[in-house]
Amino acid sequence: MDAKMLEGKVAIITGASYGMGQTMAELFAEEGASVVLTARGKEKLDKVVEGIRENGGKAIGVVADTCSTEDTKRVMQETLAAFGDLDILINNAGIGEQKMIDETDDEWMMQVMNTNLGGPMRYIREALKIFMPKNEGIIINISSVNGDRPFCGATYTSTKGALNTLTKNVAMRLVDTNIRCNAVAPGATITPAHLANKAGEQPGGNEMLKYSGHYVYFPGPECDAMDQAYACLYLASKMGKAVKGQVLQVCNGAFL
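Residues numbered from 1 in each chain as written. Predicted model: local features only at pLDDT ≥ 70, side-chain atom pairs only at ≥ 80, totals over all residues. Heavy atoms only, no water.

Caption draft 1: Quick peek at helix H2 (residues 42-54). With 13 residues, H2 extends 18 Å between its outermost C-alpha atoms, agreeing within 8% with the 18 Å of an ideal straight helix rising 1.5 Å per residue. All of the buried residues in H2 are Leu45, Val48, Val49 and Ile52. Buried residues of H2, viewed axially, fall in a sector of 95 degrees; they line one side. Seen from the buried face of H2, the exposed residues on the opposite side, beyond 90 degrees, are Glu43, Lys47 and Glu54. Of the surrounding elements, those touching the buried residues of H2 are helix H1 (19-30), strand S2 (34-39) and strand S3 (58-63). Just beyond H2, the residue with positive phi is Gly56, at close to 90 degrees. (Helix = DSSP H or I, 4+ residues; strand = E, 2+ residues; numbered from the N terminus. Expected span 1.5 Å × (residues − 1). Buried < 20%, exposed > 50% of the residue type's maximum accessible area, 1.4 Å probe, protein only. Arc of directions from axis to C-beta. Contact = heavy atoms within 4.5 Å.)

Structure follows, in structure tokens:
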């Protein structure tokens, strides 16, 4: 039997009830990790957890809002209660949107910022309480090509640029430790969120795409969720042991 790359590791993956988060959780479980999945909706979360267990993996689901500090602390507590440790954190939960700056109100702006940037900051802060005493751990932030090429909504793109900066800031803080912080920046990836975006069904519709479409090389092919999961596996395993503070863009060259 081939050795599993994450055997004995424990991973938290936020926003893991569908799309990229689900695929990451399934892959990590296949590679031997015990996975803790979070989402705001219980029904979809339970189905993903059940599927992982049916395939022989170890998983629990925790209903939690990434905007809540108390929920974040509870996720950590339930992780330790179930598996006794934490080795890997993947900050995947986020809100996609296409609202232009002139149609972005304060309530929407704060909601997206609190989710896409505040959430990772909370989870990193709490995870470090586990990582730092043992001087070991992996942090992976799921950013976006929009962190450098801001062609979606004004708030979404701003949070992804900030998440890239946060990734480097945390890596600097931890440079003399065995704790690694990196980011994966997906390009167009076939997920429910991406399909909604193409159909103009994200908040803000498709008006911004009329302006931003000029700046993208896109004759094909789009990525799939496993492409992003494999990038996370690279960073979470010994293959990425010398990688710190990097934003790994996975986009099939569409956003160079």
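Caption draft 2: A look at helix H5 (residues 154-173). Helix length check: H5, at 20 residues, gives a terminal C-alpha distance of 29 Å against a target of 28 Å (1.5 Å per residue), a fit within 8%. Every buried residue belonging to H5 is among Thr155, Tyr156, Thr157, Thr159, Lys160, Gly161, Leu163, Asn164, Leu166, Thr167, Val170 and Ala171, and all of these are buried. Where H5 is buried, its residues touch helix H4 (106-134), strand S5 (137-142), strand S6 (179-186) and strand S9 (247-250).

Caption draft 3: Seen up close, the sheet that holds S3. The strand order across the open sheet built from seven strands is S3-S2-S1-S4-S5-S6-S9, with neighbouring strands paired in parallel fashion. Each end of this open sheet is capped by a strand with a single partner; those strands are S3 and S9. Adjacent strand axes in the sheet meet at a mean angle of 20 degrees when their direction is disregarded. For S5 and S6, the ladder comprises six bridges, and the chain directions are parallel. Counted as the bridge partner of Ile140 is Asn182 from S6. Strand contacts of helix H3 (residues 69-83): strand S1 (10-13), S2 and S3, with the helix running at about 155 degrees to S3, the strand carrying the most contacts. (Pairing = 2+ DSSP bridges. Axes fitted to C-alpha atoms, helices over the stretch in contact; angles between N-to-C directions.)

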